[in-house]
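Summary of structural features
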Amino acid sequence: MTREGEEHVPQILYIHFHDLTDEQLYRRLLALLAEFTPLVQALPPDAALVDVTGGLRYFGTDAPALAERIRARTGGLYGIRSTVGVATNPMLARMVAADGPPSAVRELPADLDAVTAFLAHKPAAALYGVGPATARTLSSYGLDSVGRIAAAPLGTLQRILGAAAGRRLHDAARGLDPTPVVPAAPARSIRVEHGFPQDELDRDRQRAALLALTDRLGLRLRSEEQTTRSLALTVRYADRSTTTRTRTLAEATAHTPALTAAAYDLHDRLALQRARVRSFTLRADQLVAAEQASRQLLFDPTDERDRRIEEAVDRARRKYGPDAVRPAAATPPAA
């Protein structure tokens, strides 16, 4: 049975599927979640938000028990381990899911004191949307924990981060997140991944891995006669946490140098000076058929030369295999 009054409190699940690399399997998992509620929001490549508030009475149980049922179904049918965070909004559900070892159901009660205690000693970077650069800025002002951020006046946060960002951080530090779960299936995308043999700190080796990824991604896009308008870089760290940054491209492209420049920009924005990186995932979103994509003419002989070379390399790879030709500075594909 649901706990008294629980049906009136939002019950959000953040579900992270572990070791998921198959896009088709991910779609089947989303379809399974839709058997419990229509309010399923895909968070590619391996997570989802689920609003089960309206379904608890129907299933005659509470949110943590329903989360356990979902974990059992996904594990039994597909052999996929998952971690589920249960809370009253998406941000808290994400955070409680990450608060401990993987493969479990974790609940954060709706009680204000429980939320305050949970957040108080978390680092600033634990708040969803606070990246390494923002966390360093806050730390330089002595705001290195969520509790200290929550105690700071709104005006102070707005002077540091700007009006809108300061307001969002002020609310987030108090456990407030008005973001609804919006039903959405994953858009068509293409992704490539590189796992390091050991947690990688060296920036040059990270860049070499990104070059290898954009080379593979560009080849796949051109082979499927697709271009992309958006590129997303997901970094998985040694503690299994992840950060994703997305960039909308100036024009739809499948040209490897353009993809590489965008990936390097995303990498720079993450400012990973001392981060121990376990893997990179690069995802091309907002795909557009190559025949429908327009290209700005640059009248640049270097650009035209690069494109002719790219066409020749693609022909060689179609004949001799994708590893026949690779950029000299790129990291070889992981075994």
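Residues numbered from 1 in each chain as written. Predicted model: local features only at pLDDT ≥ 70, side-chain atom pairs only at ≥ 80, totals over all residues. Heavy atoms only, no water.

Secondary structure assignment for the protein chain yields 12 helices and 9 strands. Going through the 335 residues of the protein chain one by one, you find that 46% of them count as buried. Sequence-distant contacts, at least 24 apart, represent 67% of the contacts inside the protein chain between residues at least 6 apart. When the accessible surface of the protein chain is split by element, carbon and sulfur atoms take 52% of a total near 17,100 Å². (Helix = DSSP H or I, 4+ residues; strand = E, 2+ residues; numbered from the N terminus. Buried < 20%, exposed > 50% of the residue type's maximum accessible area, 1.4 Å probe, protein only. Contact = heavy atoms within 4.5 Å. Areas by Shrake-Rupley, 256 points an atom, 1.4 Å probe, with all protein chains shown as cover.)

All right, on to the nonpolar core then. Core analysis: the biggest nonpolar cluster contains 32 residues, and Leu 127 and Ile 149 have the highest contact counts within it. Where this core is concerned, the elements lending two or more residues are strand 1 (12–17), strand 3 (47–51), helix 4 (90–97), helix 5 (112–120), helix 6 (132–140), helix 7 (146–151), helix 8 (154–161) and helix 9 (163–172). A per-element tally of this core places helix 4 first, with 6 residues. Apart from the residues within four sequence positions on either side, Leu 127 is in contact with Met 91, Met 95, Val 146, Leu 169, Ala 172 and Ala 173. Core analysis: the next-biggest nonpolar cluster, separate from the first, contains 26 residues, Leu 231, Leu 272, Val 277 and Phe 280 among them. (Core = buried A, V, L, I, M, F, W, Y, C linked by side-chain atoms within 4.5 Å.)

Next up on the list: the packing of helix 8 against helix 9. Between helix 8 and helix 9, the shortest axis-to-axis distance is 7 Å and the interhelical angle comes to 135 degrees. Between helix 8 and helix 9, the angle is such that the two are oblique. For helix 8 against helix 9, the interelement crossing comes out right-handed. Each of Leu 154, Leu 157, Gln 158 and Leu 161 in helix 8 lies in contact with helix 9, whose residues at this interface are Ala 163, Ala 165, Gly 166, Arg 167, Leu 169 and His 170. The residue makeup of the contact of helix 8 with helix 9, split by class, is 6 nonpolar, 3 polar and 1 charged. (Axes fitted to C-alpha atoms, helices over the stretch in contact; angles between N-to-C directions. Parallel < 35°, antiparallel > 145°, perpendicular 65-115°, else oblique. Left-handed = near helix turned anticlockwise from the far one by under 90°. Nonpolar A, V, L, I, M, F, W, Y, C, P; charged D, E, K, R; others polar.)

Let us look at the packing of helix 1 (residues 23–33) against helix 3 (residues 63–78). Orientation of helix 1 relative to helix 3, taken along the N-to-C sense of each, is 140 degrees, at an axis distance of 11 Å. In terms of orientation, helix 1 lies oblique with respect to helix 3. When you trace helix 1 past helix 3, the crossing you get is right-handed. Of the residues in helix 3, those in contact with Leu 25, Arg 28, Leu 29, Leu 32 and Leu 33 of helix 1 are Ile 70, Arg 73, Thr 74, Leu 77 and Tyr 78.

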